[in-house]
Amino acid sequence: MDLTVVAYVIYLLISIGLTIWVARTLSRNGRIFIADVLHGNEKLADAVNHLLVVGFYLVNIGFVTLYLRSADTIDTARTLFEALSVKLGVVLLVLGVMHLGNVWVLNKMRRRGIMERRQVPPVAPQGWTAPPAPQGWTEPAGA
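All values reported here derive from a predicted model rather than from experimental measurement.

S.K.: Any chance you could explain the overall build of the protein chain here in plain terms?
M.R.: When helices and strands are counted, the protein chain shows 3 helices and 0 strands. Its helices and strands taken in sequence order, the protein chain reads α-α-α from the N to the C terminus. Taking 143 residues into account, the globule formula puts the C-alpha radius of gyration at 15 Å, and the protein chain, at 28 Å, lies well above it. Looking at the 143 residues of the protein chain, the share that counts as buried comes to 21%. The contacts in the protein chain between residues at least 6 apart in sequence include a share of 75% that link residues at least 24 apart. Accessible area for the protein chain stands at about 10500 Å²; split by element, carbon and sulfur atoms hold 67% of it.

S.K.: Explain the UniProt feature "transmembrane region" (unreviewed entry) in the protein chain to me, please; I cannot follow it from the model alone.
M.R.: Within this structure's numbering, the places UniProt gives as "transmembrane region" (unreviewed entry) are residues 6–26, 47–68 and 88–107. Annotation note: span residues 88–107, helix share 100%, strand share 0%, distance between end C-alpha atoms 28 Å.

S.K.: Mind showing me how you'd approach the environment of Val59 here?
M.R.: Relative to the elements of secondary structure, Val59 occurs in helix H2 (residues 42–66). Sequence separation between Val59 and Val94 is 35 residues; the distance between their C-alpha atoms is 9.9 Å.

S.K.: So what exactly am I meant to see when it comes to the nonpolar core here?
M.R.: Within soluble globular proteins, side chains that are nonpolar generally end up buried alongside one another. Residues Tyr11, Val22, Phe56, Ile74, Leu80, Val91 and Leu95 are the most contacted members of the largest nonpolar core, which totals 15 residues. In terms of residues, this core owes the most to one element, helix H3 (residues 77–118), which gives 6 residues. In this structure Leu95 touches Leu18, Thr19, Val22, Phe56 and Asn60, once residues within four positions along its chain are discounted.

S.K.: Please explain the packing of helix H1 (residues 3–37) against H2 as it appears in this structure.
M.R.: Angle between the axes and distance between the axes: these two values describe a pair of packed helices. Relative orientation of the contacting elements H1 and H2 amounts to 155°, with a least axis distance of 9 Å. Judged by the inter-axis angle, H1 sits roughly antiparallel to H2. For the element pair H1 and H2, the recorded crossing hand is right-handed. Considered class by class, the residues forming the contact of H1 with H2 number 16 nonpolar, 5 polar and 4 charged.

S.K.: What exactly am I supposed to notice about the confidence of the model for the protein chain here?
M.R.: The predicted coordinates should not be examined in detail at positions where pLDDT is low. Summary statistics for the protein chain give a mean pLDDT of 83 and a share of 94% for residues scoring 70 or more. The least confident element of the protein chain is H3, whose mean pLDDT is 83; the most confident is H2, at 89.

S.K.: Any chance you could explain a nonpolar patch on the surface here in plain terms?
M.R.: Where nonpolar side chains cluster on the molecular surface, the patch consists of Val5, Val9, Ile10, Leu13 and Ile14 and spans about 400 Å² of accessible area. On the secondary structure map, Ile10 appears in helix H1. Take Ile10: its relative accessible area is 31%, and that puts it in the partly exposed class.

Reading the values: rules and limits
Residues numbered from 1 in each chain as written. Predicted model: local features only at pLDDT ≥ 70, side-chain atom pairs only at ≥ 80, totals over all residues. Heavy atoms only, no water. Helix = DSSP H or I, 4+ residues; strand = E, 2+ residues; numbered from the N terminus. Rg over C-alpha atoms; globule rule 2.2 N^0.38 Å. Buried < 20%, exposed > 50% of the residue type's maximum accessible area, 1.4 Å probe, protein only. Contact = heavy atoms within 4.5 Å. Areas by Shrake-Rupley, 256 points an atom, 1.4 Å probe, with all protein chains shown as cover. UniProt positions renumbered as here; feature names shortened; annotations may be inferred. Core = buried A, V, L, I, M, F, W, Y, C linked by side-chain atoms within 4.5 Å. Axes fitted to C-alpha atoms, helices over the stretch in contact; angles between N-to-C directions. Parallel < 35°, antiparallel > 145°, perpendicular 65-115°, else oblique. Left-handed = near helix turned anticlockwise from the far one by under 90°. Nonpolar A, V, L, I, M, F, W, Y, C, P; charged D, E, K, R; others polar. pLDDT = per-residue confidence, 0-100. Patch = residues over 30% accessible without salt bridge, like charges linked within 9 Å, V, L, I, M, F, W, Y side chains within 5 Å. Salt bridge = Lys/Arg side-chain N within 4 Å of Asp/Glu carboxyl O.

As structure tokens, this is what we get:
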């Protein structure tokens, strides 16, 4: 069997496995942030979390498949390992950047939610005060 094909198979197995592992980790731990941002709305948090994971899969698996092609000839075990290390290294860097991007977005959403909650008065209004009457205004008779 051609070593280039072996390199492709190993690359795809490891890259897709890493993508699945990172996506599940993000999904499991990111859900807490999303639920906090959405004020405890669990159904909406699950839906948003699922959409983020699907997008993560699409971007990363799309990149992995586009980056599959190799111009190098792989004819020895050494060149096989070198080609795999370069390809997997780039995939790991892309996964890391995607992970940091997701964490940054979730943290931004969470901070915005915290700021919105701080704007709500701590005590419910207890009454209503009429605005002052404009100058020159006289109270109607019988009021």
